[in-house]
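Letter by letter, the chains look like this.
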Amino acid sequence: MNNRLVFLTFFSSLTLLVTLSVCACTVSKNQISVTNNQSVYGRVMQSGKLRCAYVIYPPSCMKDPNTGELSGISVDALNLIAKKLGLTLEWNEEVGWGTMLEGLETKRYDIVATAVWTNVSRAKVAAFSKALFYTPLYACVKAGDHRFSKDLSRVNSADIKIATIDGGIGQIVADEDFPKSHILSMPQMTDLAQNLLNVVGNKADITFADPFTVFRYTKNNPGTIENISIRKPLRIFPDCWMFKRGEFEFKAMLDTVLDEVINSGAMDKIINKYEQEPGEIYRVALPYQLPTKPN
């Protein structure tokens, strides 16, 4: 009888241990599931860290070749916002235009800190902050080439070649506006100035570039490139931070603080620091009108 009692006691204890182990494993799996499905907002606020990817693209993001330090309009603005929110920025990865979306999907980083231009293809898979500023896109040809000066639609011809970067906005504009023309496309990490070099070197007839790229190139190569759309840019793009779709809390937080930075004039000071020529970068219009004094 005593042996039977000892056996039952042992069996009950063993059963309890197995049950507790199963429960512990179940809790552990649930905790892992919650962690994996945690929102960007939740993870950032819990850790106090915002993981950033970046694309080298002046004046939005630049890297010192000696120190590796990052600077630029987007970088400075995000540093300011992080400071206001009490967050630390982690610069995890340098990416290209065609690869930056992949890291958001696989959660290697939380945000692309270089402000990017919004477009339809990106909007299908990513979300964006409010605009930090706006950038015009110009059509540029070799100096002295007047074939398209009066009628840019003449670019849409099979005997015309457009210099672009793989996955870049220029390529999208070329496909949408000038589908009959041919494309001379360079790899993603190519300096945008290479498109202008290809035009000057007669490898292409025309390219599309932002004001900063044009200014930087013409400063070192005066009299070689002509902007034929300065009065009416091909496009005007909002420059926005990009992050994973569906992160509504994260977007609301960023946009709220960004509004404060813009409305306080802090964004103007950051832009003034990097603008090479007056009017090169389009500011965000203030969302209100000052009251007029009665007569």
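Reading the values: the criteria
Residues numbered from 1 in each chain as written. Predicted model: local features only at pLDDT ≥ 70, side-chain atom pairs only at ≥ 80, totals over all residues. Heavy atoms only, no water. Helix = DSSP H or I, 4+ residues; strand = E, 2+ residues; numbered from the N terminus. Expected span 1.5 Å × (residues − 1). Buried < 20%, exposed > 50% of the residue type's maximum accessible area, 1.4 Å probe, protein only. Salt bridge = Lys/Arg side-chain N within 4 Å of Asp/Glu carboxyl O. Core = buried A, V, L, I, M, F, W, Y, C linked by side-chain atoms within 4.5 Å. Contact = heavy atoms within 4.5 Å.

Student: Looking at this model, I keep getting lost on helix α3 (residues 73–85). Mind explaining?
Tutor: Owing to its 3.6 residues per turn, the α-helix brings residues three or four apart onto one side. With 13 residues, α3 extends 18 Å from end C-alpha to end C-alpha; this agrees with the ideal 18 Å at 1.5 Å per step. Listing the buried residues of α3 in full gives Ile-73, Ser-74, Val-75, Asp-76, Ala-77, Leu-78, Ile-81 and Ala-82. Among the residues trailing α3, Gly-86 stands out with phi positive, at a value near 70 degrees.

Student: So what exactly am I meant to see when it comes to the pattern of salt bridges here?
Tutor: It is possible for side chains of opposite charge to pair when their charged atoms get near one another. Evaluated as defined, the whole model comprises 17 salt bridges. A salt bridge links Lys-49 to Glu-90, with the nearest nitrogen and oxygen atoms 3.6 Å apart. Note that Lys-49 is positioned in strand β1 (residues 49–54) and Glu-90 in strand β4 (residues 88–94), a separation of 41 residues in sequence. Of the residues examined, Lys-49 reaches a relative accessible area of 39% and is grouped as partly exposed.

Student: Just to check I follow, could you spell out the nonpolar core for this structure?
Tutor: Nonpolar side chains tend to gather and get buried jointly when the protein is soluble and globular. Residues Met-100, Ile-206, Phe-208 and Met-242 are the most contacted members of the largest nonpolar core, which totals 32 residues. Elements represented by at least two residues in this core include exactly α4 (100–105), β5 (111–117), β6 (126–128), β7 (133–142), α6 (169–177), β10 (206–209) and β12 (235–244). Setting aside residues no more than four positions away along its own chain, Met-242 makes contact with Met-100, Leu-101, Leu-104, Ile-111, Val-112, Val-116, Ala-126, Ala-127 and Phe-128. One finds Leu-78, Leu-89, Phe-250 and Val-257 within the second-largest nonpolar core, a separate group that totals 30 residues.

Student: Any chance you could explain unusual backbone geometry here in plain terms?
Tutor: A cis geometry characterises the amide bond from Pro-58 onward to Pro-59, with omega recorded as 0 degrees. Within the fold, Pro-59 resides in the loop between β1 and β2 (62–63). The phi dihedral of Asn-202 falls on the positive side, at around 65 degrees, and the residue is not glycine. On the secondary structure map, Asn-202 appears in the loop between α7 (193–200) and β10.

Taken by themselves, the reported measurements are silent on function.
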